[in-house]
Amino acid sequence: MKTDERHRAIAGLLRKRHEVTVEELTVACDASGATIRRDLEVLAANGVLRRVHGGARSLIGRGENPGYGQRELEDQDAKHRIATAVAGLLADREHVWLDSGSTATEVARALGGRDLTVMPMSLRSLNVLAGEEPTAGIRPALLLPGGSLVPGELSFRGPIAESNIRSLRFDTAVVTPCSVDLNAGLLAHDIDDAAVKRAGLESAGRVVVAASASKWDAQARALVAGLERVDVLVTDKAFSAEDRAQLDKYSLEVVTV
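In this text, all values refer to a predicted model and were calculated from it rather than measured experimentally.

A.B. asks: Describe the nonpolar core, and please don't skip the residues or the numbers.
C.D. replies: Soluble globular proteins: nonpolar side chains tend toward being buried together. Counting 35 residues, the largest nonpolar core has Trp97 and Leu186 as its most contacted members. Listed by contribution, the elements that provide at least two residues to this core are helix 8 (159–166), strand 9 (170–175), strand 11 (185–188), helix 9 (191–202), strand 12 (204–210) and strand 13 (222–225). Here this core takes four residues from helix 9, the largest share from any one element. The residues contacting Leu186, other than those within four sequence positions of it, are Val175, Pro177, Ser179, Val180, Leu201, Val209, Ala222, Leu223, Val224, Ala225, Leu227 and Val230. Listed in part, the 22 residues of the second largest apolar core include Ala83, Leu129, Val208 and Ala210.

Laid out in structure tokens, this is it:
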């Protein structure tokens, strides 16, 4: 396995198990013990796992939000396809509100060289957009939301961020929910994140939701908004005929990637 493949395999095992040993990982990844130990040190530094004697321990508790480092390793191909599709929905010179999270960071990568004005809700997306080499002298203009910075996630939160979001009007809000439920709608893991997401979608003329298949019916408790607030849904999920019929009730466009 290549390094990124081993990292995804290790993260995948720790999604299912509380703890794994170095010996188990050498077999699963067909790698030496020294290589696995180096992998575990890197993943621990990125907040994916906790290094323990002889192996690694999952940081994911029951119903808890996996850390950013864990989520960044998951559904990479799907997130890339979703981000490309989202970028294709945006017209030049639009003002765009961009949510936080690993999918949002991938969307930021897809917006390099675009004539857009973007308010990114995380330092990760901000650094991606600010660091892109301009294409033909063009790069997105950036608006900063302010507020408090969440450690690890590096996302903006709090009443200052919410107030600054609501003081503006955006053409499109790109929302990346922690969970999507056909009945409840868009959900977040905590009320502070839900409040920021709500401010973003309520300040936009159009709401585009970007959600990989793993987000559907995932564990999350804080309501952001119902699906009636969504204009376009971009996902890699394959819907049943029954699910499609329920989505049709909301009169939203579904883009399947």
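Okay, back to it.
A.B. asks: If you had to explain the sheet that holds strand 1 (residues 19–21) to someone new, which residues and values would you point to?
C.D. replies: The three strands are arranged 1-3-2 in an open sheet whose pairing can be described as antiparallel. On the outer flanks of this sheet lie strand 1 and strand 2 (49–52), each paired with one strand and no other. The average undirected angle you get between the axes of adjacent strands in this sheet is 25°. By the bridge criterion, three bridges tie strand 1 to strand 3 (residues 55–58) in an arrangement that is antiparallel. Its bridge partner lying in strand 3, Thr21 is registered against Gly55. Across the sheet, helix 2 (residues 22–29) lies against strand 1, strand 2 and strand 3, angled at about 75° from strand 1, the strand it touches most.

A.B. asks: Explain the packing of aromatic side chains to me, and be specific about the residues and the numbers.
C.D. replies: Counted according to the given criterion, the structure contains one aromatic pair. An angle of 85° between the planes, with centres 5.1 Å apart, marks the rings of Trp216 and Phe239 as edge-to-face. Highlighted residues: Trp216 in the loop between strand 12 and strand 13 and Phe239 in the loop between strand 14 (232–235) and helix 10 (241–248), separated in sequence by 23 residues.

A.B. asks: Could you give me a rundown of the packing of helix 2 against helix 3 (residues 33–45), with the residues and numbers involved?
C.D. replies: In contact at an axis separation of 9 Å, helix 2 and helix 3 are set at 105° when each is read in the N-to-C sense. Overall, the two elements helix 2 and helix 3 adopt an arrangement that is roughly perpendicular. Between helix 2 and helix 3, the contacting residues are Val22, Leu25, Thr26 and Cys29 on the first element and Gly33, Ile36, Arg37 and Leu40 on the second. Each residue belonging to the contact of helix 2 with helix 3 can be placed in one class, and the counts come to five nonpolar, two polar and one charged.

A.B. asks: Mind laying out unusual backbone geometry, listing which residues take part and the relevant values?
C.D. replies: One non-glycine residue, Asp30, adopts positive backbone phi at about 50°. Tracing the backbone through its elements, the reader meets Asp30 in the loop between helix 2 and helix 3. Of note, the phi angle at Arg93 is positive, near 70°, even though the residue is not glycine. Inspection of the secondary structure assignment puts Arg93 in the loop between helix 5 (76–89) and strand 4 (95–98).

A.B. asks: Run through the pattern of salt bridges, naming residues and quoting values.
C.D. replies: Counted by the stated rule, this structure contains 13 salt bridges. The salt bridge involving Lys197 is made with Asp99; its shortest N-O contact spans 2.6 Å. Separated by 98 residues along the polypeptide, Lys197 in helix 9 and Asp99 in the loop between strand 4 and helix 6 (102–110) bring together distant segments of the chain. When its relative accessible area of 1% is taken as the criterion, Lys197 is described as buried. In this structure, Arg109 engages Glu106 in a salt bridge whose closest nitrogen and oxygen atoms are separated by 2.9 Å. Linking Arg109 with Glu106, this pair stays in helix 6, spanning three residues, or about one helical turn. Judged by relative accessible area, which is 39%, Arg109 ranks as partly exposed. Put simply, Asp99, Arg157, Asp193 and Lys197 are held in one network by salt bridges that share partners.

Thresholds, definitions, all that
- Residues numbered from 1 in each chain as written.
- Predicted model: local features only at pLDDT ≥ 70, side-chain atom pairs only at ≥ 80, totals over all residues.
- Heavy atoms only, no water.
- Core = buried A, V, L, I, M, F, W, Y, C linked by side-chain atoms within 4.5 Å.
- Buried < 20%, exposed > 50% of the residue type's maximum accessible area, 1.4 Å probe, protein only.
- Helix = DSSP H or I, 4+ residues; strand = E, 2+ residues; numbered from the N terminus.
- Contact = heavy atoms within 4.5 Å.
- Pairing = 2+ DSSP bridges.
- Axes fitted to C-alpha atoms, helices over the stretch in contact; angles between N-to-C directions.
- Phe/Tyr/Trp six-rings, centres within 6.5 Å; stacked < 30°, edge-to-face > 60°.
- Parallel < 35°, antiparallel > 145°, perpendicular 65-115°, else oblique.
- Nonpolar A, V, L, I, M, F, W, Y, C, P; charged D, E, K, R; others polar.
- Salt bridge = Lys/Arg side-chain N within 4 Å of Asp/Glu carboxyl O.

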